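Each chain is listed here by its residues.
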Amino acid sequence: MSDEIARLNARVDELETRLAFQEDTLTQLNDVIAAQDAQLRALVGRMSDMAEKYQDLSYEMQKGLKPGEERPPHY
């Protein structure tokens, strides 16, 4: 019976070790995902800004104006 208890204790110790490793791995993965989410949000924002600037530039070029030569609204 003592051998059986020792085996069960060894199995419990092994499972606890695996669980601790898995929890640590999940925490690390969560940190990576959070950092990637922040990067993606920043990139989406920058892409949106670039798309807006491109649209403005395309509009100015269609009107025959060079970028920055826009006439003030009172003309």
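Residues numbered from 1 in each chain as written. Predicted model: local features only at pLDDT ≥ 70, side-chain atom pairs only at ≥ 80, totals over all residues. Heavy atoms only, no water.

Attention shifts here to the overall build of the protein chain. Helix and strand counts for the protein chain come out as 1 helix and 0 strands. Here the protein chain, with 75 residues, has 1% of them falling under the buried criterion. As displayed, the protein chain offers around 7500 Å² of accessible surface, 57% of which is attributable to carbon and sulfur atoms. (Helix = DSSP H or I, 4+ residues; strand = E, 2+ residues; numbered from the N terminus. Buried < 20%, exposed > 50% of the residue type's maximum accessible area, 1.4 Å probe, protein only. Areas by Shrake-Rupley, 256 points an atom, 1.4 Å probe, with all protein chains shown as cover.)

All right, on to the pattern of salt bridges then. Pairs may arise between side chains of opposite charge once their charged atoms sit close together. The full count for this structure, using the stated rule, is 2 salt bridges. Residues Arg-18 and Glu-14 are paired through a salt bridge, measuring 2.9 Å at the closest nitrogen-oxygen approach. One end of the pair, Arg-18, and the other, Glu-14, are both in helix H1 (residues 2-62), 4 residues apart, so they sit about a helical turn from each other. (Salt bridge = Lys/Arg side-chain N within 4 Å of Asp/Glu carboxyl O.)

For H1, with 61 residues, the first-to-last C-alpha span of 88 Å sits near the 90 Å given by 1.5 Å per residue. Trailing H1 by a residue or two, Gly-64 shows a phi angle of about 85°, which is positive. (Expected span 1.5 Å × (residues − 1).)

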